[in-house]
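# Understanding the architecture of this molecule
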Amino acid sequence: MLWFHPVLMALATLLAVYAAYLGVERFLSRHLGLRTQFLWKRHTVFGSAAIALWLIGFFGGLLMARLAWGVNFVTGDHYETALSMMPIMAAGGLSGIYMDRRKAPRTVLPLLHGACNLLLLALALYQISTGWDVIREFVL
């Protein structure tokens, strides 16, 4: 049962990597003038799915810790990083929803959106390391 959380988070992170790749394609065309195709709908679907799964994983991780160990917030860097990801998920997700629903030429908001989500992806990749530490210490 405890393995559900890391598997779900790995899936979310893979989806986020693909969404980031699609976003970089957009950045290259809009800001560097390179000819690329931006798959807007695919970027939106994969990015939304990644953030939704990270949110589910956050609360699922809390639930798993409570059920398995009877306590939360004992995983050190892992839970601290997860907590720090929450406002970034809100900023990245809400800015993406806004831009998807109100399509218009923009410069600053897409850059902020991309920066938030790239930071979020970097933190998720760091979570692989901290999560592995949690598995070694508490599960294996």
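Structure's up top.
Report follows, based on the coordinates. Quantities reported herein were computed from a predicted structural model and do not represent experimental measurements.

Turning our attention to the overall build of the chain. On a plain count of helices and strands, the chain comes out with four helices and zero strands. Put simply, the chain runs from its N terminus to its C terminus through helices and strands in the order α-α-α-α. Each principal axis of the C-alpha atoms in the chain carries an extent, and together these give about 50 × 25 × 20 Å. Buried residues in the chain amount to 34% of all 140 residues. Contacts in the chain between residues far apart in sequence, at least 24 positions, make up 75% of those at least 6 positions apart. Looking at the chain as shown, the accessible area adds up to about 8600 Å², and 69% of this sits on carbon and sulfur atoms.

A few words on the nonpolar core. By size, the foremost hydrophobic cluster in this structure holds 20 residues, and its most contacted members are Ala-16, Ile-51, Leu-53, Trp-54, Met-85, Met-89 and Leu-120. Elements that contribute at least two residues to this core include exactly helix H1 (4-32), helix H2 (40-69), helix H3 (77-101) and helix H4 (108-139). For this core, the element with the highest residue contribution is H1, accounting for six residues. Not counting chain neighbours up to four residues away, the residues in contact with Met-85 comprise Leu-120, Leu-123, Ala-124 and Gln-127.

What follows is about H2. Relative to the 44 Å expected for 30 residues at 1.5 Å per residue, H2 spans 42 Å between its end C-alpha atoms, a close match to the ideal helical length. Considered for burial, the residues of H2 that qualify are His-43, Thr-44, Gly-47, Ala-50, Ile-51, Leu-53, Trp-54, Gly-57, Phe-58, Gly-61, Met-64 and Ala-65. Close packing links the buried residues of H2 with H1, H3 and H4. Among the residues trailing H2, Gly-70 stands out with phi positive, at a value near 75 degrees.

Our next topic: the environment of Leu-22. Mapping Leu-22 onto the fold places it in helix H1. The exposure class of Leu-22 is buried, given its relative accessible area of 3%. Between the alpha carbons of Leu-22 and Thr-36 there is a distance of 9.9 Å; along the sequence they are 14 residues apart.

Our focus in this paragraph is unusual backbone geometry. Positive phi outside glycine occurs at Phe-73, with the angle close to 65 degrees. Secondary-structure assignment places Phe-73 in the loop between H2 and H3.

So, how was this worked out
- Each residue is numbered by its place in its chain's sequence as written, counting from 1.
- Residue-level local features of this predicted model are given only where pLDDT is at least 70; pairs of side-chain atoms are given and counted only at 80 or more, and the full residue set underlies all totals for whole chains, interfaces and linings.
- Remark: hydrogens and water are excluded; side-chain values derive from all non-hydrogen atoms of the structure.
- To qualify as a helix, a DSSP run of H or I must reach at least 4 residues; to qualify as a strand, a run of E must reach at least 2; elements of each kind are numbered from the N terminus.
- We call a residue buried when its accessible area falls under 20% of the maximum for its residue type, exposed when it is over 50%, and partly exposed in between, using a 1.4 Å probe and counting protein chains only.
- Here, two residues are considered to be in contact whenever any of their heavy atoms come within 4.5 Å of each other.
- For the accessible areas, the method is Shrake-Rupley and the probe is 1.4 Å, while residue cover comes only from the protein chains on display.
- Note on terminology: a nonpolar core comprises buried Ala, Val, Leu, Ile, Met, Phe, Trp, Tyr and Cys residues joined through side-chain atoms within 4.5 Å.
- By definition here, a helix of n residues has an expected span of 1.5 Å times n minus one.

The values are spatial; any link to function lies outside them.
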